[in-house]
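# Working through the structure, step by step
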Amino acid sequence: MARFEDLQPPFWDTSSDYGVQPPLTDRAVEEAERLLNVTLPDSLLDLLRDQNGGQVSDSRNAFPTSQPTSWSADHVPFDSVMGIGHRERTLSMLDSPYLVEEWGLPAAMVLVSGDGHYWIGLDYRTCDRNGEPSVAWFDADDNSELTLAPDFRSFIKGLTSAGEFESERSNRSPD
């Protein structure tokens, strides 16, 4: 199985350190899993061991959807990943319990990306706390949700460029 740092095109936008936490340690993973009361997916931890959160490259900043959301008719944004850590003024997966309560999201959720109006998270409602969570979109403004992928690895493999959706729209002929 390919490692995340071998992905082409690259996953991370390395021109920015926005949202990047200190390098991930085994101790930090243990602390996070204890605080969040879940086992985090190996595929997510592999990604965070390469870089502990931050901006996603433009080639992987969207996920296609089969139904419209408040964001778009055919995709949702994915411009960053929360890491695991305590870097000042930087959201972390460790903030999930607070953010879930603040935005009225399902309790069995670990957030990996979002801005308050929408979130993408690991949804543990369909598995036990040690299982493989699905990845879901949550819209706090219209109180809607949509399952995006059955697991985190599938989610990462499905990411594409938001620009592809814009170019597809401009290439369509009007009805």
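Check the entry above for the structure.
In this report, we go over the structure that sits alongside the text.

Criteria and thresholds
- Each chain has its residues counted from 1, following the order in which its sequence is written.
- It should be noted that, the model being predicted, local features are given only for residues of pLDDT at least 70 and side-chain atom pairs only at 80 or more, the latter also being counted only at that level, while totals for whole chains, interfaces and linings use all residues.
- Note that the side-chain values use all heavy atoms of the structure and ignore hydrogens as well as water.
- Here, a strand pair is defined by DSSP locating no fewer than two bridges between the strands.
- A run of H or I in DSSP becomes a helix once it reaches four residues, and a run of E becomes a strand once it reaches two; helices and strands are each numbered from the N terminus.
- Simply put, an axis is a line fit to the C-alpha atoms, just over the touching stretch for a helix, and the angle between two N-to-C directions goes from 0 to 180 degrees.
- Burial here depends on accessible area, computed with a 1.4 Å probe over protein chains only, as a share of the maximum for the residue type. Under 20% is buried, over 50% is exposed, and the range in between is partly exposed.
- Pairs of residues are marked as contacts when any of their non-hydrogen atoms sit within 4.5 Å.

## A closer look at the sheet that holds strand β8 (residues 144-149)
On the basis of which strands lie adjacent, the open sheet formed by four strands has the order β5-β6-β7-β8 and antiparallel pairing. Each edge of the open sheet is held by one strand with a lone partner, namely β5 (109-114) and β8. If you compare each strand with its neighbour and ignore which way they point, the axes differ by 30° on average. Sheet analysis places strand β6 (residues 118-123) next to strand β7 (residues 134-139), joined by six bridges and oriented antiparallel. Residue pairing across strands places Leu 122 opposite Val 135, the latter belonging to β7.

## Here's the deal with the pairing of β8
Bridge analysis of β7 against β8 gives five bridges, and the strand direction is antiparallel. Within the sheet, the bridge partner assigned to Trp 137 lies in β8 and is Leu 146. Following β7, the chain reverses through four residues before pairing antiparallel with β8; Asn 143 in that reversal takes a positive phi of roughly 55°.

## A look at the pairing of β5
Within β5, five of the six residues are buried, which leaves it mostly tucked inside the rest of the structure. In this sheet, β6 lies alongside β5 in antiparallel orientation, the contact comprising five bridges. Looking across to β6, one finds that Gly 114 is bridged to Trp 119. Connecting β5 to the next strand, β6, in antiparallel fashion are three residues, including Gly 116 with a positive phi near 105°.

## Brief notes about the environment of Gly 121
Structurally, Gly 121 is set in strand β6. On the basis of relative accessibility, which here comes to 0%, the residue Gly 121 falls in the buried class. In the structure, Gly 121 is positioned 10 residues away from Leu 111 in sequence and 4.1 Å away in space, judged by C-alpha atoms. What Gly 121 contacts, discounting residues up to four positions off in sequence, is Met 109, Val 110, Leu 111, Val 112, Ser 134, Val 135 and Ala 136.

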